[in-house]
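Residues per chain are reported as follows:
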Amino acid sequence: MAKYSLSAPLTGEVVEKLKIGDRVLLSGIVYTARDAAHKRFIELIKAGEEFPVDLHGQIIYYVGPTPARPGCPTGAAGPTTSSRMDPYTPMLISSKGLKAMIGKGSRSLEVRKALQKYKAVYFAAIGGAGALISCRIKKAEVVAYRDLGPEAVYKLTVEKLPVIVVNDCHGGDLYEEGRKKYVIS
Amino acid sequence: MRRVDCVQIVEAVAKLCSEINIKLNPGVRNLIEEALKKETSSVGREILYQLLENAEIAYKKKLPLCQDTGMAVAFLELGQEVKITGGNLYDAINEGVRIGYKREYLRNSVVRHPFYRVNTGDNTPVIIHTRVVEGDVFNIYLMAKGGGSENTSALKMLTPAEGRQGVEDFVVQTVSNAGANPCPPLIIGVGIGGNFELAPLLAKEAILKSGEQKDKRDEDRELERTLLNKINRLGIGPQGLGGRTTALAVYVNTFPCHIASLPVAVNINCHSSRHGKINL
Ligand code: SF4
C-alpha cells in the first residue's frame, strides 16, 4: 500500500502508478456530477454539442451535498452509489478524457474495462462520512445545470480529500480482493 | 381524553429531524466502538475510526452525518384516548419535517413522481404508518432513511418448507449482493411472517424499536446472533473494502402468518442509522 498526494489534471503515467488499496489525498479541482447531470452530458456528446466543462484529465466526484450553512462552502458531502453512473461513464472516459471518479460501491465490467483501456482510476471515499469530507472542501461554485439543485455540476476546490484506490488501470478490484481476504467459508 | 396539540407535534418532529441527522445515535456509537475491538483489517479499522471522527465533526459543526439526509418515515402509535387538537395530525408531521429540514440545512431528497423526477423542495411527503393502541400514549418513531441502503433492501415470499434455513440464506444473500453500496457496517432489520406488505414494515420497525428489546423472545434473539455471525463471515467489511465488520447489528421481528406462507423482508440501514422517538 502506497500513499500519494495528487491534483488534477491527472496523466496516464500518474494513473499507472496507482494500485488498489493505495491511499490518496486529493487537492485542487474536483467536479461533481450525479445521475441527472450525467444524462445531460451524454445527450450533449451524442448531439455533438459544446460541453459545459473540460473534463480532460479531470476528476468527477459523485456527490449531492446538503445545503451550505451561511459562511461555509458546502454542507455534508459524502459519496453516492457509483453504479447508477455506470451506463454513462465509459463514454465520458473515452470521448472526454475523464481520468478519475470518486464514489462508493462497485462498478460494472464495462467501466472497469474502460479504466484499463484509457488509463483511468476509480477511487472510493468513505460513504456516510459527509461531515468529515465537508471540512476538506474549501470552495464550491456551480459551473453547470443550476436548475438541478443538489444535482447541479459544481467545481470544488478540495484540500487533502482522503480516498482509496478501488479499481486501478491494471484490472485490480479492491472490493473483490478485500472480501476474498476476509471471507470465512 | 388527553389532548395533544398539533403545534407541539410540529415542533417535536422538527427538533427530532435535526437531532437524528446531526448527532450519531449513541447505540450506534457503542456498536462501532465494540466493532473496533474485533476488527482485524487495517483499512477496516481506519474507516471505523473515521466514522467516529465524522460524528464528532458533525456534532461540533452542526453538519449532517451524511449528505443523504433521507426521506422521512414516521411510525405513529396513537392511543385511542388521545384527542388531536389544532389541525390535521398528518399535516402536522409533514410540517415538522418541512421546518426541521429547512432550519438545519438538511438536503431535500424527495421527488414528486417516480418518472417525472422534480424535487418537492421541502422533503415531504413523509411516509406515515399509524397504529392505534390502548390508553393515551402518543409516540412517533422517526427515521431519516437514505436511498443507498434502502435500494439494497429486499422482500421474498418463501414457502413454509424452506423454513428457518431459507430465511437465513435469503438474509445473508441480500447482504452479500449489496456489497459496498449501502455503506457498511450495516444495521439490519429482518421482518419474518405477516404477509406481503407487513413483512417490510416489521423489518423497519425492528430497527426503529431496537432500543426496546426487553420483550423480545429468546428464539428471535438467538436468530439475531446467528444472522450477525453469518453476515460477518462474508468478509465485506467496513465500506466493502474487506474486514470482519459487515454488520453492527441485526434486529428480528416476527408475526403470525398464513399456513401457506413464509414472507421475509430485509431492511438494510447504513452505519449512519438515523432514528429517534418522540413521546408527547
Ligand atoms: S447508505 Fe447511509 S451512510 Fe451511505 S450515503 Fe446513504 S444514507 Fe449516507
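Residues numbered from 1 in each chain as written. Chains lettered and ligands numbered in written order. Predicted model: local features only at pLDDT ≥ 70, side-chain atom pairs only at ≥ 80, totals over all residues. Heavy atoms only, no water.

Participant: Residues and numbers for the overall build of chain B, please.
Facilitator: Helix and strand content of chain B: eight helices and 10 strands. Over its C-alpha trace chain B gives a radius of gyration of 19 Å, about what one expects of a compact globule, namely 19 Å for 280 residues. Considering only C-alpha atoms, chain B reaches an extent of 55 × 50 × 40 Å along its principal axes. Accessible surface computed for chain B: about 12,300 Å², of which carbon and sulfur atoms make up 53%. (Helix = DSSP H or I, 4+ residues; strand = E, 2+ residues; numbered from the N terminus. Rg over C-alpha atoms; globule rule 2.2 N^0.38 Å. Areas by Shrake-Rupley, 256 points an atom, 1.4 Å probe, with all protein chains shown as cover.)

Participant: Explain the site of the ligand to me, and be specific about the residues and the numbers.
Facilitator: What surrounds the ligand is the set A:Lys104, A:Gly128, B:Cys66, B:Gln67, B:Asp68, B:Gly146, B:Ser149, B:Pro182, B:Cys183, B:Cys270, B:Ser272 and B:Arg274. In the shell around the ligand, the residues fall into four nonpolar, five polar and three charged. A domain-level breakdown of the shell around the ligand finds at least three residues from each of domain 1 (2–24 + 65–145) and domain 2 (147–273) of chain B. (Near = heavy atom within 4 Å. Nonpolar A, V, L, I, M, F, W, Y, C, P; charged D, E, K, R; others polar. Domains from an automatic or database assignment.)

Participant: Explain empty space enclosed by the protein to me, and be specific about the residues and the numbers.
Facilitator: Following the criterion strictly, the structure yields two cavities of 30 Å³ or more and no others. Of the voids in this model, the largest cavity is the one considered here, and its volume is about 50 Å³. For the largest cavity, the full set of lining residues is A:Gly128, B:Leu24, B:Ile32, B:Leu51, B:Asn54, B:Ala55, B:Leu65, B:His271 and B:Ser272. Counted by class, the lining of the largest cavity contains five nonpolar, four polar and no charged residues. (1 Å grid on protein atoms, 1.4 Å probe; cavity = no way out; pocket = protein on both sides within 12 Å on 5 of 7 lines; lining within 4 Å. Points joined across faces, edges and corners; volume = space filled by probe spheres on them.)

Participant: An account of the nonpolar core is requested, with residue identities and associated values reported.
Facilitator: In this structure, A:Phe41, A:Phe51, A:Ile60, A:Leu92, A:Tyr145, B:Ile32 and B:Leu241 are the most contacted members of the largest nonpolar core, which totals 64 residues. If you tally residues by element for this core, the top one is helix H3 (residues 42–61) of chain B, at eight residues. Residue assignment places this core across two domains, with domain 1 (2–24 + 65–145) and domain 2 (147–273) of chain B each supplying three or more. Beyond its immediate chain neighbours, meaning those up to four positions away, A:Ile60 contacts A:Tyr31, A:Ala33, A:His38, A:Phe41, A:Leu55, A:Leu92, A:Leu98, A:Ala100, A:Met101 and A:Ile102. Listed in part, the 27 residues of the second largest apolar core include B:Ala12, B:Leu16, B:Ile20 and B:Val97. (Core = buried A, V, L, I, M, F, W, Y, C linked by side-chain atoms within 4.5 Å. Buried < 20%, exposed > 50% of the residue type's maximum accessible area, 1.4 Å probe, protein only. Contact = heavy atoms within 4.5 Å.)

Participant: Account for the sheet that holds strand E2 (residues 71–79) of chain B, with residues named and values stated.
Facilitator: Hydrogen bonds between backbone atoms are what pair the strands of a sheet, whose relative direction is either parallel or antiparallel. Residues and elements named next belong to chain B. Strand order across the open sheet formed by four strands is E4-E2-E5-E10, with mixed pairing between neighbours. Either end of the sheet is taken by a strand with one partner, and the two such strands are strand E4 (127–133) and strand E10 (274–279). Averaged over all pairs of adjacent strands, the angle between their axes in this sheet comes to 15 degrees, without regard to strand direction. Against the sheet, helix H1 (residues 6–22) engages strand E5 (138–145) and E10, with an angle of about 40 degrees to E5. Relative to the sheet, helix H7 (residues 198–208) contacts E2, E4, E5 and E10, its axis offset from that of E5 by approximately 100 degrees. (Pairing = 2+ DSSP bridges. Axes fitted to C-alpha atoms, helices over the stretch in contact; angles between N-to-C directions.)

Participant: Could you give an account of unusual backbone geometry, naming the residues involved and the relevant values?
Facilitator: Note that the residue after A:Ala8, namely A:Pro9, is joined by a cis bond; omega there is 0 degrees. Counting through the fold element by element, A:Pro9 comes out in the loop between strand E1 (3–6) and helix H1 (12–17). In this structure, A:Lys160 takes a positive phi of about 55 degrees despite not being glycine. In this fold, A:Lys160 is placed in strand E7 (residues 153–167). Although it is not a glycine, B:Gln239 adopts a positive phi angle of roughly 60 degrees. Structurally, B:Gln239 is set in the loop between helix H8 (218–231) and strand E8 (247–257). When its relative accessible area of 4% is taken as the criterion, B:Gln239 is described as buried.

Participant: So, the layout of surface pockets: which residues are in play, and what are the values?
Facilitator: Residue and element names in this part refer to chain B. Roughly 680 Å³ of volume is contained in the second largest pocket. As for the second largest pocket, its lining consists of 25 residues, and the residues nearest its centre are Glu77, Arg131, Glu205, Lys209 and Asn253. When contributions to the lining of the second largest pocket are tallied by element, the ones reaching two or more residues are E2, E4, H7 and E8. Counting only domains with at least three residues in the lining of the second largest pocket, you end up with domain 1 (2–24 + 65–145) and domain 2 (147–273).

Participant: Explain the domain arrangement of chain B to me, and be specific about the residues and the numbers.
Facilitator: All names here are of chain B. The domain boundaries assigned to chain B delineate domain 1 (2–24 + 65–145) and domain 2 (147–273). The C-alpha centroid of domain 2 is placed 25 Å from the C-alpha centroid of domain 1. Taken together, the contacts link 13 residues of domain 1 with 16 residues of domain 2. Summed over both partners, the interface of domain 1 with domain 2 comes to about 1,200 Å²; 59% of that surface belongs to carbon and sulfur atoms. Three residues stand out in domain 1 for area buried against domain 2, namely Phe75, Tyr141 and Lys145, and they jointly supply 53% of the buried area on that side. Here domain 1 is connected to domain 2 by three salt bridges. Two residues, Glu150 and Lys145, come together in a salt bridge whose shortest N-O distance is 3.1 Å. (Buried area = accessible area lost by both parts, 1.4 Å probe. Salt bridge = Lys/Arg side-chain N within 4 Å of Asp/Glu carboxyl O.)

Participant: Before we move on, can you summarise the confidence of the model for chain B with the specific residues and values?
Facilitator: A residue-level look at chain B finds 100% of positions with pLDDT of 70 or above and a mean pLDDT of 96. On the interface metric, ipTM, the complex scores 0.90, and its pTM is 0.92. (pLDDT = per-residue confidence, 0-100.)

Participant: Please set out the pattern of salt bridges residue by residue, giving values where relevant.
Facilitator: As enumerated under the stated definition, the model contains 29 salt bridges over all chains in all. Salt-bridge contacts for B:Glu104 lead to A:Arg69; the nearest nitrogen and oxygen are separated by 2.8 Å. Residue B:Glu104 is located in the loop between helix H4 (89–103) and E4, and its partner A:Arg69 is located in the loop between strand E3 (59–61) and helix H3 (89–96); the two belong to separate chains. Exposure class is identical for B:Glu104 and A:Arg69. Each is buried. Where salt bridges share partners, they join B:Glu77, B:Arg131, B:Glu205 and B:Lys209 into one cluster.

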